[in-house]
Amino acid sequence: MKFGELELSLIRECTFKLDGGAMFGVVPKPLWDRLSPADELNRVLLACNLLLIEGPHGRVLVETGMGERWGHKERDRFEIKTLVSSEQVVKEAGLSNDDVDFVVISHLHFDHAGGATRYEGTALIPTFPKAKYLVQKGEWEFAHKANARAQASYRATDFDPLQEHGVLEIVDGDREIVPGIWVHVTGGHTRYHQIVTFESTGRKGIFFADIIPTRTHLPPPWVMGYDHFPLTSCDAKDKWLTLAVQEKYLVVFDHEPGIPWGYVEQKQDGKFNFLPLENEPLAARSVVAGTL
Ligand SMILES: [Zn+2]
């Protein structure tokens, strides 16, 4: 999709499922189940939606998805369905992995960093060998010392090879990556979780990452049980959604299994409402039957 001088592509890398209770935290099931129906194991359907931003200053890929390095046990537990191989993840946008200049990873959980590396034979190599991978300093440090509750979401094989191959770029705080494309630390989901904003010729957009994973998570108090700092998530959502309404941001949700991008309006009662982009296709192969 043309967006000012930028070209935006959404790549649905996989679908998977997580426990609905964990996804919606303190929200009672009868409320979320109407909007994100649970399966017989109480899991809700999710996707990994990667955003490719191509512009005059380079190509930025936001997130890497689950990747393919999963055994039968995990594929079964999370019902992971890989929709595009790591080797060809940007092919539908007419690119090869060598063409990506920057990779932004919002945080290092396996559903965001899993596709950062891939196997070549028995060696683990960066999926995007010529890119700089941007990771927050605090997130990098935490991923290497996470405690018993947090560590199940991190796999060192997703990110340690980035450092070994010299493609890791540690970022400390908010930063403009290339003119018009920013990362901002929100905290909340993890203490140093970051989101991405982009802007061209007056049009603005935002990739919320795990602050608002799906359209069902739009109400600020509807925060994931996974979040390390749920009250921070609630405040960050309120702040950025208010801005998104005022400045007419294009909003993008990383785990929405339906249409994951659109605009937000605020109704008279103060509630936010999502208006999906009905006619902008995702990359063709990435469309999951029955969810769009
Ligand atoms: Zn996630």
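Residues numbered from 1 in each chain as written. Predicted model: local features only at pLDDT ≥ 70, side-chain atom pairs only at ≥ 80, totals over all residues. Heavy atoms only, no water.

Peer 1: Sorry if this is basic, but what is going on with the layout of surface pockets here?
Peer 2: A probe as big as a water molecule, rolled over the atoms, marks out the empty space that is left. Quantified by volume, the largest pocket comes out at close to 470 Å³. As for the largest pocket, its lining consists of 24 residues, and the residues nearest its centre are Leu 35, Arg 215, Thr 216, His 217 and Pro 219. When its residues are assigned to classes, the lining of the largest pocket shows 14 nonpolar, 6 polar and 4 charged. What the second largest pocket holds in volume is close to 370 Å³. (1 Å grid on protein atoms, 1.4 Å probe; cavity = no way out; pocket = protein on both sides within 12 Å on 5 of 7 lines; lining within 4 Å. Points joined across faces, edges and corners; volume = space filled by probe spheres on them. Nonpolar A, V, L, I, M, F, W, Y, C, P; charged D, E, K, R; others polar.)

Peer 1: Can you help me understand the pairing of strand S13 (residues 194-200) in this one?
Peer 2: Each regular strand displays side chains that alternate between the two surfaces of the sheet. Among the 7 residues in S13, 6 count as buried, and that is most of the element. Pairing of strand S12 (residues 181-185) with S13 involves 5 bridges; the strand directions are antiparallel. For Ile 181, the partnering residue across the bridge sits in S13 and is Phe 198. Of the strand pairs in this sheet, S13 and strand S14 (residues 203-207) are connected by 5 bridges, and their pairing is antiparallel. Within the sheet, the bridge partner assigned to Val 196 lies in S14 and is Phe 207. In sequence, S13 turns back onto S14 through a hairpin of 2 residues, with Thr 201 there showing a positive phi of about 40°. (Buried < 20%, exposed > 50% of the residue type's maximum accessible area, 1.4 Å probe, protein only. Helix = DSSP H or I, 4+ residues; strand = E, 2+ residues; numbered from the N terminus. Pairing = 2+ DSSP bridges.)

Peer 1: Teacher, can you tell me more about the pairing of strand S11 (residues 175-178) here?
Peer 2: The sheet contact formed by S11 and S12 spans 3 bridges and is antiparallel. Along S12, the bridge assignment pairs Glu 176 with Trp 182. Two successive antiparallel strands, S11 and S12, enclose a turn made up of 2 residues, where Gly 180 displays a positive phi of approximately 90°.

Peer 1: In this structure, what is going on with unusual backbone geometry? I would like to understand it.
Peer 2: With the exception of glycine, the majority of residues adopt a negative phi angle, and the majority of peptide bonds are in the trans configuration. Notably, Glu 63 is not glycine yet its phi reads approximately 80°, a positive angle. Along the chain, Glu 63 turns up in the loop between strand S4 (58-62) and helix H3 (72-77).

Peer 1: I'm lost on the pattern of salt bridges in this one. Help?
Peer 2: Pairing between side chains becomes possible if they bear opposite charge and their charged atoms approach one another. Inspection of every chain in the model, using the stated rule, returns 14 salt bridges. Its salt-bridge partner being Lys 81, residue Glu 79 comes within 3.8 Å of it at the nearest N-O pair. On the accessibility criterion, Glu 79 (26% relative accessible area) is partly exposed. Among the residues examined, Lys 81 registers a relative accessible area of 46% and is labelled partly exposed. One network of salt bridges, in which partners are shared, links Lys 17, Asp 39, Arg 43, Glu 79 and Lys 81. (Salt bridge = Lys/Arg side-chain N within 4 Å of Asp/Glu carboxyl O.)

Peer 1: Would you mind going over the confidence of the model for the chain with me for this structure?
Peer 2: Parts of the prediction with low pLDDT should not have their coordinates interpreted in detail. Scored by pLDDT, the chain comes out at a mean of 94, with 96% of its residues at no less than 70. Long-range and interchain partners of residues 284-292, a stretch whose pLDDT sits below 50, account for 22 contacts in this model, where long-range means more than four residues apart. (pLDDT = per-residue confidence, 0-100. Contact = heavy atoms within 4.5 Å.)

Peer 1: What is the right way to read the coordination of the zinc ion from this model?
Peer 2: Octahedral six-donor coordination of a metal ideally yields angles of 90 or 180 degrees, compared with 109.5 degrees for tetrahedral four-donor coordination. Distances from the zinc ion to its protein donors, Asp 111 (OD), His 112 (NE2), Asp 210 (OD) and His 255 (NE2), fall at 2.0 to 2.3 Å. Taken together, the 4 donor atoms coordinating the zinc ion span angles of 82 to 153° at the metal, a pattern that classifies the geometry as irregular. Sequence positions of the residues that donate to the zinc ion give the spacing D-H-x97-D-x44-H. Taken as a pair, Asp 111 in helix H4 (residues 110-113) and Asp 210 in the loop between S14 and helix H7 (230-246) lie far apart in primary sequence, 99 residues in all. Look at Asp 111 and you get buried, because its relative accessible area is 9%. (Donors = N, O, S within 2.8 Å, 3.2 Å for Na, K, Ca; no water. Tetrahedral: all angles 85-135°; square planar, octahedral: opposite > 155°, others 65-115°.)

Peer 1: How do you make sense of the environment of Glu 139 when you look at a structure like this?
Peer 2: As for its position among the elements, Glu 139 is in helix H5 (residues 137-143). Judged by relative accessible area, which is 1%, Glu 139 ranks as buried. With sequence-adjacent residues up to four places away left out, Glu 139 is seen in contact with His 107, Leu 108, Tyr 154, Thr 190 and Tyr 192.

Peer 1: So what exactly am I meant to see when it comes to H7 here?
Peer 2: Three- or four-residue spacings in an α-helix give side chains the same orientation, since the helix completes a turn every 3.6 residues. For H7, spanning 17 residues, the distance from its first C-alpha to its last is 24 Å, which sits close to the expected 24 Å at 1.5 Å a residue. Where H7 is concerned, the buried positions are Ser 233, Ala 236, Lys 237, Trp 240, Leu 241 and Ala 244. Looking down the long axis of H7, one finds its buried residues gathered within 125° of arc, a one-sided arrangement. Away from the buried face of H7 by more than 90 degrees, exposed residues Leu 231, Asp 235, Lys 239 and Gln 246 are located. On the buried face of H7, the contacting elements are S12, S13, S14, strand S15 (250-252), strand S16 (261-266) and strand S17 (272-276). Positioned one or two residues after H7, Lys 248 has a phi angle of 55°, which is positive. (Expected span 1.5 Å × (residues − 1). Arc of directions from axis to C-beta.)

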